[in-house]
Amino acid sequence: MDNFNGMGYRFHPTEDEIINHFLESKMKCGTDFSAVIKEVDISNFEPWELPVHSPVSSDDQEWYFFSTIAYKPSNKSTSRRVVERTTRAGFWKVTGKDREIYDDNSGQLIGKRKVLVFYQGHGSNAVKTNWAMHEYHSQTVHQAYICSHLPYIFLPCIPVSQDDHRPF
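Parameters at a glance
Residues numbered from 1 in each chain as written. Predicted model: local features only at pLDDT ≥ 70, side-chain atom pairs only at ≥ 80, totals over all residues. Heavy atoms only, no water. Pairing = 2+ DSSP bridges. Helix = DSSP H or I, 4+ residues; strand = E, 2+ residues; numbered from the N terminus. Contact = heavy atoms within 4.5 Å. Axes fitted to C-alpha atoms, helices over the stretch in contact; angles between N-to-C directions. Buried < 20%, exposed > 50% of the residue type's maximum accessible area, 1.4 Å probe, protein only. Salt bridge = Lys/Arg side-chain N within 4 Å of Asp/Glu carboxyl O.

Description of the sheet that holds strand β5 (residues 127-138)
(1) Moving on: Reading across from one edge, β1-β2-β6-β5-β4-β3 is the order of the 6 strands in this open sheet, with mixed pairing throughout. Two strands in the sheet have a free side with no partner beyond their single neighbour: β1 (38-39) and β3 (90-102).
(2) Moving on: Relative to strand β6 (residues 145-151), β5 runs antiparallel, the two sharing 3 bridges. Looking at β6, one finds that Glu 135 is bridged to Ser 148.
(3) Moving on: Packing against the sheet, helix α1 (residues 15-29) makes contact with β1, β2 (62-68), β3, β4 (109-120), β5 and β6, and its axis sits at approximately 65° to β5.

Focus on the environment of Ile 18
(1) Moving on: Note that Ile 18 resides in helix α1.
(2) Moving on: Taking C-alpha positions, Ile 18 is 9.9 Å from Ile 146, a pair spaced 128 residues apart along the chain.
(3) Moving on: Here Ile 18 is in contact with Pro 13, Leu 23, Tyr 64, Tyr 136 and Cys 147, once residues within four sequence places are set aside.

Regarding the side chain of His 134
(1) Moving on: Its place among the elements puts His 134 in strand β5.
(2) Moving on: The exposure class assigned to His 134 is buried, which follows from its relative accessible area of 16%.
(3) Moving on: Residue contacts for His 134: discarding those within four places in its chain leaves Arg 113, Lys 114, Val 115, Cys 147, Ser 148, His 149 and Pro 151.

Considering the pairing of β3
(1) Moving on: Where β3 meets β4, 10 bridges bridge the pair, whose relative direction is antiparallel. Looking at the pairing, Trp 92 lines up with Phe 118 of β4.
(2) Moving on: Linkage of β3 to β4, two consecutive antiparallel strands, is achieved through a turn of 6 residues, within which Gly 107 is found at a positive phi near 80°.

Some details on the pattern of salt bridges
(1) Moving on: In total, this model carries 8 salt bridges according to the counting rule given.
(2) Moving on: A salt bridge links Lys 26 to Glu 39; its shortest N-O distance comes to 3.0 Å. Remark: Glu 39 occurs in strand β1 and Lys 26 occurs in helix α1; sequence separation between them is 13 residues.
(3) Moving on: With a relative accessible area of 16%, Lys 26 lands in the buried category.
(4) Moving on: Residue Asp 98 pairs with Lys 114 through a salt bridge whose shortest N-O separation is 3.0 Å. A residue pair is termed long-range when its members are at least 10 positions apart, and Asp 98 in strand β3 and Lys 114 in strand β4 qualify at 16 residues.

Right, here's the structure in full:
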């Protein structure tokens, strides 16, 4: 682990590498990448608790984790399975459309990326936070693993007029 924390080392894999190398090797062969990507149940932790579980310290405010996909208990009236993304303090909400990921060499579809935003609170009182997560899913190996990239996004402050205290 200390080998990866030295000066000049930055762990920032491409989307192709996340799916082809890390995620598919984990699912097919059970390859151990715990020196750089730890397996964590994302729904057991709030986003601000996750960085301490990363084996690679990062000044970039980005962390990577493997996680199994947990599904909510099935409702007999619906046949589709819903992924469990709720924590004690809030929930992860999928935002936007899934992005298809293609192999850099062959150009073939290898996976997809979902973008999620963390909302603190539950129900109509939930407040959107600056925490985002990218979930990577393999199209070629179908097992219950995802690779999560957790960047903390700093949003700029909205300037306020001194006269009326409202945003411009």
